[in-house]
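Summary of the model geometry
Each chain, letter by letter, is given below.
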Amino acid sequence: MSKYDQVYMFNCDTEALATRLQEEGRELKELLGGKGSNLCLMTSSGVPVPQGFIVTTDVCNEYVSLGHKLPDGVEEAVHAAMAKLEETTGKSFGDPANPLLVSVRSGSKFSMPGMMDTVLNLGMNDEVVAGMVKLFGDERFVYDAYRRLITMFGDVVMGVERTNFDACLDQVKKAEGVKADTDVSAEGLKKVVELQKEVYRAELGEDFPTDGRAQLMAGVRAVFGSWDNPRATSYRNINKIPHDLGTAVNVQMMVFGNRGEDCGTGVAFTRDPATGEKVIYGDYLVNAQGEDVVAGIRTPVPIATLADTMPEVYEQFAEICEDLEDFYRNMQDVEFTVEEGKLWMLQTRDGKRTAIAAIKIASDMVAEGLIDERRAIEIMDAQALDQLLHPQFDAEKKPEAVGTGVAASPGAAAGKVVFTAEQAVEAAENKERVVLVRHETSPEDIAGMAAAQGILTVFGGKTSHAAVVGRQMGKPCVVGCAAIELDGENGAFTITGNTVKGGDFISIDGGTGEVMLGDVETADSDVIAVLKGDMKPEDSELYSEFAKLMEWADEIRTMGVRTNADTPEDAALAVALGAEGIGLTRTEHMFFGEERILNFQRMIISDSDEEMQAAADVLEQYQKEDFYGILKAMDGMPVIIRLLDPPLHEFLPADAEDQAELAELTGETPQRIADIVEALHETNPMLGHRGCRLGVTFPIIYKMQVKAIFEAACQLKKEGFNPIPEVMIPLVGLEGELAICKRYTEEVAGQVLGAAGIELDYMIGTMIELPRACLVADKIAEMTEFFSFGTNDLTQTAFGFSRDDVEGKFIPTYISQGIIQVSPFETIDEAGVGKLVQMGVDLGREANPELEIGICGEHGGEAKSVEFCHNAGIDYVSCAPLRVPIARLAAAQAQIANPR
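Attention here is on the structure that accompanies the text.

Cut-offs applied
- Residues numbered from 1 in each chain as written.
- Predicted model: local features only at pLDDT ≥ 70, side-chain atom pairs only at ≥ 80, totals over all residues.
- Heavy atoms only, no water.
- Helix = DSSP H or I, 4+ residues; strand = E, 2+ residues; numbered from the N terminus.
- Rg over C-alpha atoms; globule rule 2.2 N^0.38 Å.
- Buried < 20%, exposed > 50% of the residue type's maximum accessible area, 1.4 Å probe, protein only.
- Contact = heavy atoms within 4.5 Å.
- Areas by Shrake-Rupley, 256 points an atom, 1.4 Å probe, with all protein chains shown as cover.
- Lys, Arg positive; Asp, Glu negative; His and termini not counted.
- Charge placed at Lys NZ, Arg CZ, Asp CG, Glu CD.
- Salt bridge = Lys/Arg side-chain N within 4 Å of Asp/Glu carboxyl O.
- Pairing = 2+ DSSP bridges.
- Axes fitted to C-alpha atoms, helices over the stretch in contact; angles between N-to-C directions.
- Parallel < 35°, antiparallel > 145°, perpendicular 65-115°, else oblique.
- Nonpolar A, V, L, I, M, F, W, Y, C, P; charged D, E, K, R; others polar.
- Disulfide = S-S within 2.5 Å.
- Patch = residues over 30% accessible without salt bridge, like charges linked within 9 Å, V, L, I, M, F, W, Y side chains within 5 Å.

**Details of the overall build of the protein chain**
- Within the protein chain, the secondary structure is distributed over 36 helices and 33 strands.
- Here the C-alpha atoms of the protein chain give a radius of gyration of 32 Å, agreeing with the 29 Å that 2.2 N^0.38 yields for 900 residues.
- In terms of overall dimensions, the protein chain has a C-alpha envelope of 105 × 60 × 55 Å along the principal axes.
- When each of the 900 residues of the protein chain is scored for burial, the buried share is 57%.
- For the protein chain, the proportion of contacts with a sequence separation of at least 24, taken over those separated by at least 6, is 68%.
- Of the roughly 36,000 Å² that the protein chain leaves accessible, carbon and sulfur atoms contribute 48%.
- Put simply, the protein chain has 79 plus and 147 minus side-chain charges, and the middle of one group is 3 Å from the middle of the other.

**Focus: helix α3 (residues 57–65)**
- Those residues of α3 that fall on the buried side of the exposure criterion are Thr57, Asp58, Val59, Cys60, Glu62 and Tyr63.
- Against α2 (28–44), β2 (52–55), α4 (74–89), α9 (212–225) and β7 (247–253) lie the buried residues of α3.
- Positive phi shows up at Gly67, right after α3, with a value of about 75 degrees.

**Some words on the pattern of salt bridges**
- One pass over the structure, following the stated rule, counts 47 salt bridges.
- Residues Glu432 and Lys416 are paired through a salt bridge, measuring 2.9 Å at the closest nitrogen-oxygen approach. Remark: Lys416 occurs in strand β16 (residues 412–418) and Glu432 occurs in the loop between α16 (421–429) and β17 (434–438); sequence separation between them is 16 residues.
- Of the residues examined, Glu432 reaches a relative accessible area of 31% and is grouped as partly exposed.
- Looking at Lys416, the relative accessible area reads 27%, which means it is partly exposed.
- A cluster of three or more residues bridged by salt bridges with shared partners is formed by Glu588, Arg642, Asp645, Arg690, Glu769 and Asp793.

**Some points on the sheet that holds β2**
- Spatially, β1-β2-β7-β5-β6 is the arrangement adopted by the five strands of the open sheet, whose pairing is antiparallel. Edge strands, defined here as strands with exactly one partner in the open sheet, are β1 (7–9) and β6 (118–122). Averaged over neighbouring strand pairs, the angle between their axes works out to 20 degrees when direction is ignored.
- Note: β2 against β7, four bridges, orientation antiparallel. The residue bridging Ile54 from the neighbouring strand is Asn250, located in β7.
- Seen against the sheet, α9 touches β2, β5 (102–108), β6 and β7 and runs at an angle of roughly 145 degrees to β7.

**Some points on the sheet that holds strand β10 (residues 301–302)**
- Pairing is antiparallel across the open sheet formed by five strands, whose spatial order is β10-β9-β8-β11-β12. Of all strands in the sheet, those with a lone pairing partner are β10 and β12 (342–350), marking the two edges.
- Running at roughly 30 degrees to β12, helix α13 (residues 311–328) makes contact with β8 (264–269), β11 (332–339) and β12 of the sheet.

**Topic: the packing of α3 against α9**
- At a closest axis distance of 10 Å, the pairing of α3 and α9 adopts a crossing angle of 80 degrees. By the criterion of interaxial angle, the relationship of α3 to α9 is roughly perpendicular. Residue-level contacts link Val59, Cys60 and Tyr63 of α3 to Arg221, Phe224 and Gly225 of α9.
- Here the contact of α3 with α9 is composed, by residue class, of four nonpolar, one polar and one charged.

**Things to note about the environment of Glu759**
- In this structure, Glu759 sits in the loop between α28 (735–756) and β30 (763–768).
- Each C-alpha atom of the pair Glu759 and Asp658 lies 46 Å from the other, and the pair is 101 residues apart in sequence.

**Topic: the state of the cysteines**
- Going through the model one piece at a time under the given rule, you end up with zero disulfides.
- Its sulfur unpaired, Cys774 is 13 Å from the next cysteine sulfur, which belongs to Cys869.
- Residue classification places Cys774 among the buried residues on the basis of a relative accessible area of 0%.
- Cys856 carries a free sulfur, and the closest cysteine sulfur to it, the one in Cys869, is 11 Å from it.

**Points about a negative patch on the surface**
- A grouping of Glu422, Glu444, Glu594, Glu595, Asp655, Glu657, Asp658, Glu661 and Glu664 is seen on the molecular surface, where their side chains present a negatively charged patch.
- Elements with a contribution of two residues or more to the negative patch: α22 (594–605) and α24 (656–666).
- Here the element with the most residues in the negative patch is α24; it accounts for four residues.
- Its relative accessible area of 72% is what places Glu594 among the exposed residues.

Here's what the structure looks like:
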């Protein structure tokens with residue numbers, strides 16, 4: 001039971017209510033909804049707002065918990081509020097002589113445009129209609145309002161298909177020989193109302209309700225019920241809006257934009273939401289109600305035409321828009337109605353905008369003196385920066401999608417279809433653009449993924465191999481496109497009845513998950529074009545504003561931002577985007593390549609330590625080259641290099657034909673290769689013989705990698721560079737594992753540095769990705785210099801989830817049924833995994849105050865997870881190169897919200 005009133009008037013004491021809520025850690029819009037709180041604030045500021053009242057979000061949540069039943073006292077509170085509204089307006093609800101009509105609209109904490117329900121003109125019946133005709137002397141207007149009520153009430157409240165009611169209007173328009181709704185005569189609209197009543201009676205077995213109060217309560221229940229409708233639920237899932245916020249219901253006096261040529265309605269933004277230009281941008285319809293604009297029932301005209309037709313109204317409207325921007329210190333999205341030349345503001349909210357517009361608006365508002373740099377950071381959507389950093393399709397040239405999967409890595413890609421990594425590499429060598437299409441990818445595909453323009457898989461979720469690697473590489477990626485039926489044997493796939501063969505062009509949008517046929521044109525954003533050297537910084541206003549925004553963020557944030565990078569090219573791009581080091585270099589990807597993989601396989605199948613060492617010595621030279629390139633690219637910055645993590649069977653062929661080929665190349669028998677593959681097979685490899693467990697049982701592998709790291713560092717040191725390697729031992733759960741691996745790591749490092757006569761700053765640390773490691777973090781911290789939380793695997797092991805399986809099979813169901821709000825692989829699970837992280841941080845620092853702590857999972861590039869890391873006291877986050885700006889901005893926003 002809520003401790004707050006169930007209903008609040010628009011003219012309530014918002015300041016006192018906000019103060020009371022703030023004491024409990026709540027905002028005004030959490031109780032009154034965004035729309036309701038803004039209507040109250042506009043009312044208190046003197047903006048012309050049709051008066052009304054709000055049934056709170058707390059009531060909605062009780063309504064849902066009671067199985068869609070209104071809590072006790074709500075109906076009485078609504079009727080009491082209606083009495084106050086009657087007193088304020090001087091009108092009477094249901095009184096034919098002086099009728100008050102109202103609308104009911106939704107309004108949650110976060111704007112969800114069009115997702116929930118609205119009903120207009122409540123309070124009309126035949127007697128009220130007759131009274132309104134007498135009062136206004138405009139029969140056509142009154143019956144237009146009446147037929148709208150029957151349509152919306154029948155559709156929204158009673159669940160009758162809207163098309164049944166629209167068909168009545170179409171029938172009369174045809175009979176009168178007119179095309180526009182506004183051309184239907186008064187007699188024609190009377191006929192429409194009668195036809196609609198017949199539809200209502202036929203569909204529902206009862207007459208349209210004549211009791212205005214019954215209409216009102218039914219409307220309130222319908223709006224509350226729409227919180228759970230499929231489109232609202234999907235919208236919240238997509239936008240990571242919690243399902244337990246509820247919506248308020250706003251009951252508001254009707255004002256009419258459909259009373260003649262001096263009336264109208266419109267929707268506008270105080271600045272252009274696509275470009276950010278400082279100009280009022282929107283649409284307006286003469287002689288219409290709001291649904292006509294939003295639903296596209298009629299074609300509106302640009303808002304600027306209002307300056308010609310009603311100059312005084314437009315001047316007042318422009319002044320209010322400016323005042324609203326001043327008050328909210330943000331671009332606003334407003335709805336308004338003009339009734340007989342009088343302007344009424346129906347709502348305002350922070351306007352949705354593209355990333356390009358967001359940067360310009362923030363930059364311009366600072367230049368105008370409207371906001372300061374901190375506020376500019378606050379009003380940005382950090383996650384939206386993704387739009388600026390990937391190739392994009394031209395919206396006007398983008399065809400209809402033939403299928404949709406999971407949007408795993410943003411950006412646009414077009415190319416010829418290939419089905420294997422080898423085909424992708426070969427095509428790239430021939431300068432061909434390709435899209436790699438696979439059931440799912442594995443580490444063996446890494447070269448093909450790098451060569452492809454984009455990646456498309458049949459299976460997988462946002463943290464599948466393809467998704468993780470795609471984001472790290474900055475490759476557009478769509479995974480889990482279940483509409484694809486892959487026919488690998490014939491080199492083709494089908495999707496929604498279309499057959500696509502190898503060599504045919506397809507296009508994918510990793511930001512939306514769409515798959516399209518053909519070669520759709522793409523282009524780099526200005527930001528990437530400048531970073532590539534294809535455009536001068538001074539030639540791009542967008543790049544200049546982006547760079548300025550990032551500077552402001554860097555001045556504010558206190559948490560570091562590093563990158564996950566396996567190649568010098570990735571590292572260089574990340575530095576250009578503001579990375580301050582590397583938080584994760586995955587060494588397993590370095591072993592794929594014709595010569596490298598063969599030598600790695602020789603090492604795995606060797607009979608003795610001597611054979612294994614001989615193969616490792618060959619690999620060491622490759623690894624030294626790899627580490628030399630990355631350490632050089634990150635000169636003077638820390639580079640965390642993770643020693644080998646995956647189980648060894650992932651590096652051996654699974655099918656008999658490839659096993660036979662390996663046998664021939666290595667001089668072994670096919671049977672022996674098959675026996676080794678069988679021996680290395682694991683039922684659950686994620687929890688098997690991998691990470692530091694390999695380092696304990698096969699120390700030759702880790703020693704080889706450590707030697708290569710420090711030989712590369714020594715060479716760079718001699719050349720005048722300043723390498724800062726940090727060696728990370730993965731998957732530590734037992735103190736003894738770390739002790740063994742750390743001991744020989746120090747020994748090898750000491751031997752290499754001693755032989756070279758070099759002094760070098762370096763660190764040895766561990767990856768915390770098991771619950772036990774968090775529980776004994778104090779013991780581990782005593783032996784190590786840094787922790788890096790691997791939140792991908794920590795999430796798997798904390799939940800007992802296999803991420804590649806659960807995301808496609810039941811995570812969507814869990815979200816839709818409210819078991820979880822968002823995939824824990826997308827946003828860190830603060831209640832569970834977050835507690836483990838916080839425990840690890842606290843215990844680690846207690847035992848070792850100098851301990852460096854970061855995270856290197858995919859969460860490091862997700863804004864909400866970055867905020868959690870800031871609040872947890874973590875030193876840095878690490879993410880894919882193209883997510884570095886997101887992390888920088890999110891870290892600044894976290895510092896503003898909760899200063900360290």
